[in-house]
Amino acid sequence: MIKVALPNKGVLFQPTLDLLASCGYRVGKSGSQLSSLDPENDVEFYFLRPGDIPVYVANGILDAGITGKDFAAERGHHPELLLDLNFGDSRLCAAVPAASPIRSLDEVAALRIATSFPNIVRQYFAGRDLRLIELEGAVEISVALGIAEAVVDVVDTGNTLRQAGLRIVGQPLFVSNAALYAHPERADQPPVRVLRSRIEGRLVALDYMMVEYDCPGTILQRACEITPGLESPTITQLQREGWYSVKAMVRRKEAHRIMDELSSIGCRGILLTNIESARI
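None of the values given here were measured: they were computed from a predicted structure.

Visitor: How do you make sense of the overall build of the protein when you look at a structure like this?
Guide: Looking only at helices and strands, the protein features nine helices and 15 strands. In summary, the protein has a C-alpha radius of gyration of 25 Å against a globular reference of 19 Å for 280 residues, an excess of more than 25%. In terms of principal-axis extent, the alpha carbons of the protein reach across some 80 × 50 × 35 Å. In the protein, which comprises 280 residues, the share counted as buried stands at 44%. In the protein, of all internal contacts separated by at least 6 residues, the share reaching a separation of at least 24 is 67%. Total accessible area computed for the protein in this model is approximately 14500 Å², and 49% of it derives from carbon and sulfur atoms. Looking at charge distribution, the protein has the averaged site of its 29 positive side-chain charges lying 3 Å from that of its 34 negative ones.

Structure (structure tokens):
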């Protein structure tokens, strides 16, 4: 049985549970529950602080885990990155009071900076003599309270910073998203490979759709150019002479345009369906 760490709270918590449920895993958390057993899939899940997950996985206490890439970078521990996931996107940005004359990150480096990610900040400003104030949370209020002149904090929409009277300066210091990690020596264990394969299959399914349509032989080549599929489309001859049924995977973001093109050249019975999971 493998042991897998999951975020116990925050913006990564529910999307992680939803992803695992869509991959066939049984995992749930109620109240202060610290673990969840899934005997069917031979997995025990542990609910931990997102920032602690890289420590447990990198040191082999747990076999794998899902957390933000910013937490892994901040901790300085190095579990093996298996997969980038499609949620938890965020930016670590510097911000100063809206009326401040500061316009560049180089100027920010000379200020007293409050942050929950001191190691990432030090890495970004390597070689600078920084004055960092390390806080666990509510970093954006530190300027108003007078203990800092700038902050470096996680930004999603930026509304929290704006409400605190701050504005973002320069480019992000770090760009993050959720990711699947494993202990380097356990990444090839069969249960970890299965976990990775299931999640990878679900991500592919979310990125693609299946298009099916009927096509006269006279335009079959053109239709296949529109829907080449991953390897090639599946083509079946219909009972009606000179007509074929075609099936292919297409990018979700291109699916409706492709339906329009197929219809415009004379294809009929065009169907677009979701894919639950896939193995490529």
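Visitor: How should the environment of Lys253 be read in this particular structure?
Guide: Here Lys253 shows up in the loop between β14 (243-251) and α9 (255-265). Taking the C-alpha atoms as reference points, Lys253 and Asn177, separated by 76 residues in sequence, lie 21 Å from one another.

Visitor: I keep staring at the side chain of Ser176 and nothing clicks. Help me out?
Guide: Topologically, Ser176 is positioned in strand β10 (residues 166-176). Accessibility expressed as a relative area gives 4% for Ser176, which makes it buried. A polar side-chain atom of Ser176 sits 3.0 Å from the main-chain amide nitrogen of Asp70. For Ser176, the contacting residues outside a window of four places in its chain are Gly68, Lys69, Asp70, Gly88, Asp89 and Ser90.

Visitor: Is there a simple way to explain the pattern of salt bridges in this structure?
Guide: Note on pairing: side chains with opposite charge can pair once their charged atoms come close. Throughout the structure, instances matching the rule amount to 14 salt bridges. Between Glu40 and Arg26 there is a salt bridge, with the nearest N and O atoms lying 3.8 Å from each other. Here Arg26 lies in the loop between α1 (13-22) and β2 (35-38) and Glu40 lies in the loop between β2 and β3 (43-48), a separation of 14 residues in the sequence. Assigned by exposure class, Glu40 and Arg26 land together as exposed. The closest approach of N and O atoms between Asp63 and Arg186, which form a salt bridge, is 3.0 Å. With Asp63 in the loop between α2 (53-58) and β4 (64-68) and Arg186 in the loop between β11 (178-182) and α7 (190-207), this residue pair connects regions lying 123 residues apart in the sequence. When its relative accessible area of 22% is taken as the criterion, Arg186 is described as partly exposed. Several salt bridges share partner residues, and in doing so they unite Arg112, Arg131 and Glu149 into one network.

Visitor: Any chance you could explain the sheet that holds strand β15 (residues 268-274) here in plain terms?
Guide: Taken together, four strands build an open sheet; the order of strands is β13-β14-β12-β15 and the sheet is antiparallel. This sheet does not close on itself; its edge strands, each paired only once, are β13 (234-237) and β15. Here the strands of the sheet are splayed against their neighbours by 15° on average, with no regard to which way each runs. Docked against the sheet, α7 engages β12 (208-216) and β14, running at close to 50° with respect to β12.

Visitor: Can you walk me through the environment of Tyr181 in this structure?
Guide: Assignment of secondary structure puts Tyr181 in strand β11. Ignoring anything within four residues of it in the chain, the contact list for Tyr181 reads Val57, Ala64, Gly65, Thr67, Gly68, Lys69, Ala72, Pro79, Glu80, Leu81 and Leu82.

Visitor: In this structure, what is going on with the packing of α1 against α7? I would like to understand it.
Guide: The packing of two helices is summarised by the inter-axis angle and the distance between the axes. In the contact formed by α1 and α7, the axes pass within 9 Å of each other and the chain directions differ by 100°. Between α1 and α7, the angle is such that the two are roughly perpendicular. Together, Leu19, Leu20 and Ser22 of α1 and Leu195, Ile199 and Arg202 of α7 make up the contact between the two elements.

Visitor: I keep staring at the packing of aromatic side chains and nothing clicks. Help me out?
Guide: Two numbers describe a pair of aromatic rings. These are the distance of the centres and the angle of the planes. Taken as a whole and assessed by the stated rule, the structure comprises four aromatic pairs. Between Phe71 and Phe117, the aromatic rings sit 5.9 Å apart at their centres with planes inclined by 40°, giving tilted as the arrangement. Here Phe117 lies in the loop between β7 (112-115) and α5 (118-124) and Phe71 lies in helix α3 (residues 69-75), a separation of 46 residues in the sequence. For Phe71, a relative accessible area of 25% translates into the label partly exposed.

Cut-offs applied
- Residues numbered from 1 in each chain as written.
- Predicted model: local features only at pLDDT ≥ 70, side-chain atom pairs only at ≥ 80, totals over all residues.
- Heavy atoms only, no water.
- Helix = DSSP H or I, 4+ residues; strand = E, 2+ residues; numbered from the N terminus.
- Rg over C-alpha atoms; globule rule 2.2 N^0.38 Å.
- Buried < 20%, exposed > 50% of the residue type's maximum accessible area, 1.4 Å probe, protein only.
- Contact = heavy atoms within 4.5 Å.
- Areas by Shrake-Rupley, 256 points an atom, 1.4 Å probe, with all protein chains shown as cover.
- Lys, Arg positive; Asp, Glu negative; His and termini not counted.
- Charge placed at Lys NZ, Arg CZ, Asp CG, Glu CD.
- Polar contact = N/O pair within 3.5 Å; in protein donor to acceptor, adjacent residues only side chain to side chain.
- Salt bridge = Lys/Arg side-chain N within 4 Å of Asp/Glu carboxyl O.
- Pairing = 2+ DSSP bridges.
- Axes fitted to C-alpha atoms, helices over the stretch in contact; angles between N-to-C directions.
- Parallel < 35°, antiparallel > 145°, perpendicular 65-115°, else oblique.
- Phe/Tyr/Trp six-rings, centres within 6.5 Å; stacked < 30°, edge-to-face > 60°.

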